[in-house]
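Here is how the chains run, residue by residue.
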Amino acid sequence: MKQLLLFIFCLLSFILSAQHSIQSTIFDSKNDLPIELANVRLLRASDSTFVKGCQSNINGSFIIPNITPGNYLLKVSFMGYLEYRKIIKMDNRDLILKSIQLKENSHLLSGVEITGNAAQMSVKGDTLEFNATAFKTPQNAVVEDLLKLLPGVEVSPEGKITVNGEDIQKIRVNGKKFFGDDVEMATKNIPSELIDKIQVLDQKSDMAELTGFEDDDTEKIINLTFKPNRKKGTFGNITGGAGLDLNTDVKYDGNAFINMIDGDTQSTITGGGNNTNTTRSSRGRGSFSNNSGITSTQNIGYNTNTILNPKLKINGNVTSNHTSNETITKSNRQSFLLDSTYTNISNKTANNENYSANMNLEIDWKPDSLNTFIFEPDIHYNRSFSNTQNDYIHLNDTILTSFGNSSNIGNGTSLNGGLGVIFSHRFTSKPGRTFTANVQTSLSQNDNLSYNYSKNTTRSDSTTLIDQKTKSNSNAYSLSLRMSYVEPLWNRKNLLETVLSIKNSNNISEKYQYKKDLAGDYSQLDSVYSNNFEHKFYSETMELNYRYVDKVYNVMIGMKGVPSQSLSSRLYLDGSEIYIPHNVFNFSPNARMEFKFGKKKFVRLDYRGKTDQPSISQLQPVKNNSNLMNLMVGNPDLNPAFNHSLRLIFNTFNDSTFSSFSTMLYAQLTRDALITNSMYDVSGKQYSQTVNSPQMPYSVIGNVMYNIPLIQKRLHFNTNTSGGINQFYGYSARGLTAQILNSDIIPLGNLSQTFRYNVGEKISLTYTNDFIEIGFRGSFKYSNTLNNLNPVVSITKDWKGGGNLVFHLPYNFNVGSDINYSTMRGYATSQQNQLIWNASFDKSLFNNKAVIALNLFDILHQQLNIRQSVGDNYIQYNSYNTLTSYFLLNFTYKINQFKGAKSSAEKKKKFERLEMDDDKGGSNSRRKSGSGRFGK
């Protein structure tokens, strides 16, 4: 603490001892958005001699230090704006000028579309677009920090992103792929100050883009666009920081993000390491999630988007990651039976370590205007190590039935790769006629070794002990072909698509389990739990789709038939083999309608049907005793589930009030849903098997969002209302016999039906001006869970409120603080309130090329880590260990080398030349010099 006080004292001394300066902030007079990289020149009023110059930073602020008393002429210029001039008098004190408002040059901007406005959010068809500069983030913030401020956007502790309830699967940067599907590579590495717009939209698959007909691979994505002045050059941040937590353990965080861009060609290098629970890549994290426990990670990666020539484009990336995690979990799980409730209380400690290396490549080749080839190879390697210790007790209502502990140590290796090839041909004989083929193939291999020790004692003092070694390996192969033929009917507005798809997958797994011999070696093969298993799956899809395309509306109607066949075989140690064939046919219509009422209003309604194939672990009909209190039994008679989904979207934007309204309704219904059948014995041991649901579970989710600036350009209000119903099915019962234990099929228990109702409301209010930023936010979430086998209704209520405050002080010094209070009711924990207070102090150095920052996290030491999950017939509460309070002192160096950028000496000479031009040629010369700086 003494060292911290000494640092703050030295920092304040440095500020107070600085010489007098001139500072202000530059804004666009029309939309009040800050202008970055504006040229600021200070000239002597007497003879127009150049004195000093600088450029405005990301917040539009600038500071000219070490100025002696006298009269000066201040000039501010930026491409597309009229030059600002002001005579100022400098006394023996600091001079803070009022905000400088630059006016657009209507002559220069004629024919140019100005997209900036004072709205936080706008609507463009089915795309939600957020204006990044309307949301203030602290120095050194990354994209994830920015996303957490956006209306309707949620970022979970695991890094999962949802927008109005819909999951975000991928992130694009300037419309291009960025490290494949690794969302966190973008959200936790890209500095927020580089971002101009955040767009949320539906991304079609490569094949759908070529055919014009959407398929099942359409995903909700986020596209990040860089600021216009980041189109050519090298830019990024290099950050290093260190600090201490309450236990005086050293904390460190270092990261580098360097982006090289030249028009459409872009390359990115990223790398770093930390022990502050920041996983900057979702790859290689194993089975644990971000913010669960204590995590340290290191990663390095390279991504490129290169145009070799107009016919050949390459996108690719390589990454390497290492992550280690320790998670301590306290769990309370209640499983519902007809006449009682089983409760499992456990304390688990898990240590996981993971190494991974990945490579993805996409080659887009267009040899001519009629043909397109896309090649997509990829390869992934993973090495993992785990050590888990668990103590537990089982209760039947309030009566203890058993207790025990388990230990599992394991390691595994996986290697998989794939190749995708897409070919598309446009016919010259008839415009609109196309043929497209997509071939995808993959191979994977997994090898695992584990040592499992489990001991369970029942209420009657009967003890069961397992001490075993398991070696397992699996190999999988898949091949799919999709062919599409599009024929225009009487005109190009009416199109007919015929699709034929075939898929084949083959999975082989082998497991050898050993018990200890008299010498204590794992040499005795356990014939009951050792097995070889093979599963083959085939499906054929036939589709017929009609599409009408118009400027105002777009309609697609079609039908799909999906027959599938599967064959499972199991081989026992005595050489006997059993084949189990299974055939299923699924049929579904599909429809999609879009109505565009100009660029400001949009309606979309679409329906999709999709098959969900059971996994090998669900199908494999051999019992597994790796968990002494939860034995999993495979079910070879499973049917694939078939999911029906319906979505309605309405977006509108009022450009006179800058207000936006967005609503979404999503409904899902599943036939032959894969649910759990659980049977319990007298000790509370659970025997689980996946079965098909006799009834169709469903879910309905709705969301309404409204955003408006109450005081234009200054005060923004947002409200987000959500609600939903989820229905689950499952089976559960008590009572096991020897016959059941020796059978591969567990008889069905009592049908469990769970309803969960959710209602939520979020509001936020933000105010910004030159010197202060204030934000208030609050939320309420109500959840009601009712199970037909349990008379007790589970109700949880989450209240959250908070705010943030940032002061922009002289000398580019900023002080920020955010505080969040939450209270939770209805959870299985005594700790239900928390007050999280964070603070930051930062100062820009070296003419805004660097930032030094002090960040304090969870100052009051009240962070909780509690989550609730609802399943087929259970409710589970988990609490995790979390990172304790700590501080970090960071230094960040900003790389900003763009086309036209000069050294300080060159800039000074340029300013002097500009002044001479001003005296000789007037405004005409200034316009030419301005266009030369930012012209292309």
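Anyway, here's the lowdown on the structure attached to this text. Just so it is clear, the structure is predicted and the values come from calculations on it, not from any experiment.

## Considerations on the packing of aromatic side chains
Counted according to the given criterion, the structure contains 15 aromatic pairs. On the numbers, 4.9 Å between centres and 80° between planes, the contact of Phe178 with Phe179 is edge-to-face. Neither Phe178 nor Phe179 differs from the other in exposure class; each is buried. Between Phe427 and Tyr485, the aromatic rings sit 6.5 Å apart at their centres with planes inclined by 70°, giving edge-to-face as the arrangement. Of this pair, Phe427 sits in the loop between β25 (399-426) and β26 (434-458) while Tyr485 sits in strand β27 (residues 463-488), and the two are 58 residues apart along the sequence. A relative accessible area of 30% means that Phe427 is categorised as partly exposed. Given the relative accessible area of 32%, Tyr485 is considered partly exposed. Positioned over the ring face of Tyr874 is Arg333, at 3.5 Å from the centre of the ring.

## Considerations on empty space enclosed by the protein
Within this structure, the stated rule accounts for five cavities of 30 Å³ or more. In this structure, the largest cavity spans a volume of roughly 120 Å³. Taken together, Asp126, Leu128, Val163, Asn164, Glu166, Val200, Lys220, Ile649, Asn651, Ser662 and Met664 make up the lining of the largest cavity. Elements with a minimum of two residues in the lining of the largest cavity: β35 (641-654) and β36 (659-671). When grouped by side-chain class, the residues that make up the lining of the largest cavity number five nonpolar, three polar and three charged.

## Re the environment of Asn352
Topologically, Asn352 is positioned in strand β23 (residues 341-365). According to the relative accessible area criterion, Asn352 is buried, its value standing at 15%. With 28 residues separating them along the chain, Asn352 and Ser324 place their C-alpha atoms 5.6 Å apart.

## Overview of the sheet that holds strand β2 (residues 39-44)
Taken in spatial order, the four strands line up as β3-β2-β5-β6 in an open sheet, and their pairing is antiparallel. Because the sheet does not close on itself, it has two edges, and the strands there are β3 (50-55) and β6 (84-90). With strand direction ignored, the average angle separating the axes of adjacent strands in the sheet is 20°. Direction of pairing for strand β5 (residues 70-77) relative to β6: antiparallel, over a ladder of seven bridges. Following the sheet pairing, Lys75 is matched in β6 by Arg85.

Conventions adopted
- Residues numbered from 1 in each chain as written.
- Predicted model: local features only at pLDDT ≥ 70, side-chain atom pairs only at ≥ 80, totals over all residues.
- Heavy atoms only, no water.
- Phe/Tyr/Trp six-rings, centres within 6.5 Å; stacked < 30°, edge-to-face > 60°.
- Buried < 20%, exposed > 50% of the residue type's maximum accessible area, 1.4 Å probe, protein only.
- Helix = DSSP H or I, 4+ residues; strand = E, 2+ residues; numbered from the N terminus.
- Lys NZ or Arg CZ within 6 Å of the ring centre and 35° of its normal.
- 1 Å grid on protein atoms, 1.4 Å probe; cavity = no way out; pocket = protein on both sides within 12 Å on 5 of 7 lines; lining within 4 Å.
- Points joined across faces, edges and corners; volume = space filled by probe spheres on them.
- Nonpolar A, V, L, I, M, F, W, Y, C, P; charged D, E, K, R; others polar.
- Pairing = 2+ DSSP bridges.
- Axes fitted to C-alpha atoms, helices over the stretch in contact; angles between N-to-C directions.

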